Protein chains: 2
Amino acid sequence: MTPYAVVLLSGGMDSLVTLALTHAMGYRLAALHLNYGQRTEQRELAAFHAICDHYQISDRLVVDVAHLAAIGSSSLTDPSIAVERANLHRQGIPSSYVPFRNANILAIATSWAEVLSARAIAIGAVEEDSSGYPDCREEFFRAFERVIELGTKPDTQIALLTPVIHLRKDEIVRRGAELNAPFHLSWSCYTRNDIACGECDSCALRLRGFQRAGIEDPLPYAVKPQYA
Amino acid sequence: MTPYAVVLLSGGMDSLVTLALTHAMGYRLAALHLNYGQRTEQRELAAFHAICDHYQISDRLVVDVAHLAAIGSSSLTDPSIAVERANLHRQGIPSSYVPFRNANILAIATSWAEVLSARAIAIGAVEEDSSGYPDCREEFFRAFERVIELGTKPDTQIALLTPVIHLRKDEIVRRGAELNAPFHLSWSCYTRNDIACGECDSCALRLRGFQRAGIEDPLPYAVKPQYA
């Protein structure tokens, strides 16, 4: 039987292209979405289901991790902290940082993957364009893969796939376009639910990627600055 | 200022003694309790608060991780699977296994620890008496410590303390007794909420520990077989 891969699917562009790449590898797909209390959760969840429908994925799991909001200290989850406007040249850790978020996500994914006897977990982390999140780096994922190996049953064999980690955003756009990934179903904006704001970090990185790739982003935007 | 240690406090004997040992090391204590949908949650939560009261710990966090029950495949979280009676000589992974539970717990603990600027996380895992859970082994925790190092901010320094990991249960009882740990406030039974059953794996391991240490367990039991 075709082995499962559990794909982390936030509904954003990077996770969409990661899913498209994992699909192209021949895995049977299971899609995992985390609600960690972010402002745009309902819009991201709609994107998750639309993308799953597109790829005919029936194994879907949505997990509420709102405790990460309670643990706090993040503008993504705490309405009292204003989201910073995009500054792609800012140094250091941005205020949208949710402490150790990817480890929480991967731990849940691994629990599910072990139950499904999956052979892989795929996550769309991007090291270069990741705004400095420490848990988006290749070495973090390799260390976590070792934790999976040691912390699961002896017959469990789960590879941790990070197929876009060393790609720039424009390369992600091109790879997605080659695979006919449904970009119109994805959602990246941190701040709005109706149309994308075009100004938050996530919109800026996405728009710059499309602009540098010379491909039109099919999503509607409130404003569409030139970032490239 | 005295640095925090986040202590995982299920309310059982091992976590109680871990807390007592971390207290003796001089850390300021913050206590974290996870509700992962186990049968005896309310009783364990009562033990958690009683132990916190005893040690005058005001920084308490209780996190619901019932999604681990949804992900399932465990007799601890699925009422449709009978809890196995104690068999301390059984080989392999018991049916009470929650896949990758400790990684989920440690990920949450690390998120909180980073917010608190804690210098340590303490967990009462026991390698020898742990019924074969793969994520109770020393090498798993050392690998996770590396993940913490790589996945948190550069100025975050969190040690992962496993002070009872190489102790037998009778040694844990003796260490706790030396430190006047309030065993009467702890709870270990997997199956009952009123008095301990005396027959589940957890009761059997606890009772055998007390019996081998030659110390009376102050908890009331339905039956109290001789395991030593």
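These numbers come from a predicted model, not from an experiment.

1. Some points on the sheet that holds strand β5 (residues 159-161) of chain B
All names here are of chain B.
Now for step 1: Strand order in the open sheet made by the 5 strands is β3-β2-β1-β4-β5, with parallel pairing throughout. On the outer flanks of this sheet lie β3 (60-64) and β5, each paired with one strand and no other. Pairwise comparison of adjacent strand axes, ignoring direction, gives a mean angle of 20 degrees for this sheet.
Now for step 2: Most of the contacts of helix α1 (residues 13-24) go to strand β1 (residues 4-8), to which it runs at about 170 degrees, and overall it touches β1, β2 (28-35), β4 (120-122) and β5.

2. Considering the relation of the copies chain B and chain A
For the pair of chain copies, the relating operation is a rotation around an axis with a shift along it.
Now for step 1: Mapping chain B onto chain A calls for a rotation angle of 180 degrees and an axial translation of 0.0 Å; the resulting RMSD is 0.0 Å. Here the symmetry operator amounts to a two-fold rotation axis. Closest approach to the rotation axis among the C-alpha atoms of chain B is made by Asn104(B), whose C-alpha sits 3.1 Å away.
Now for step 2: Looking at chain B, 100% of its interface residues are interface residues in chain A too, so the copies touch through the same face.

3. Quick word on unusual backbone geometry
All names here are of chain B.
Now for step 1: Residues other than glycine seldom take positive phi values, yet Gln 56 does so here, at roughly 55 degrees.
Now for step 2: For Gln 56, the location among the structural elements is in the loop between α2 (41-54) and β3.
Now for step 3: In this model, Ser 117 sits at a positive phi of 55 degrees, which is unusual for a non-glycine residue.
Now for step 4: For Ser 117, the position within the fold is in the loop between α4 (101-115) and β4.
Now for step 5: Using a count of 13 C-beta atoms within 10 Å as the deciding quantity, one classes Ser 117 as partly exposed.

4. Digging into the pairing of strand β2 (residues 28-35) of chain A
Residue and element names in this part refer to chain A.
Now for step 1: The buried fraction of β2 is high, at 6 of 8 residues.
Now for step 2: Note that strand β1 (residues 4-8) and β2 share 5 bridges and pair parallel. Note that in β2 the partner of Tyr 4 across the bridge is Arg 28.
Now for step 3: Read as a crossover between parallel neighbours, the route from β1 over helix α1 (residues 13-24) to β2 is right-handed.
Now for step 4: Pairing geometry for β2 and strand β3 (residues 60-64), over 5 bridges, is parallel. For Leu 32, the partnering residue across the bridge sits in β3 and is Leu 61.
Now for step 5: Read from β2 through helix α2 (residues 41-54) to β3, the crossover connection turns out right-handed.

Analysis parameters
Residues numbered from 1 in each chain as written. Chains lettered and ligands numbered in written order. Predicted model: local features only at pLDDT ≥ 70, side-chain atom pairs only at ≥ 80, totals over all residues. Pairing = 2+ DSSP bridges. Helix = DSSP H or I, 4+ residues; strand = E, 2+ residues; numbered from the N terminus. Axes fitted to C-alpha atoms, helices over the stretch in contact; angles between N-to-C directions. Contact = placed C-beta atoms within 7 Å. Least-squares fit on C-alpha atoms with pLDDT ≥ 70 in both. Buried ≥ 20, exposed ≤ 12 C-beta atoms within 10 Å, placed from the backbone. Right-handed = clockwise from strand over helix to strand, strands pointing away.

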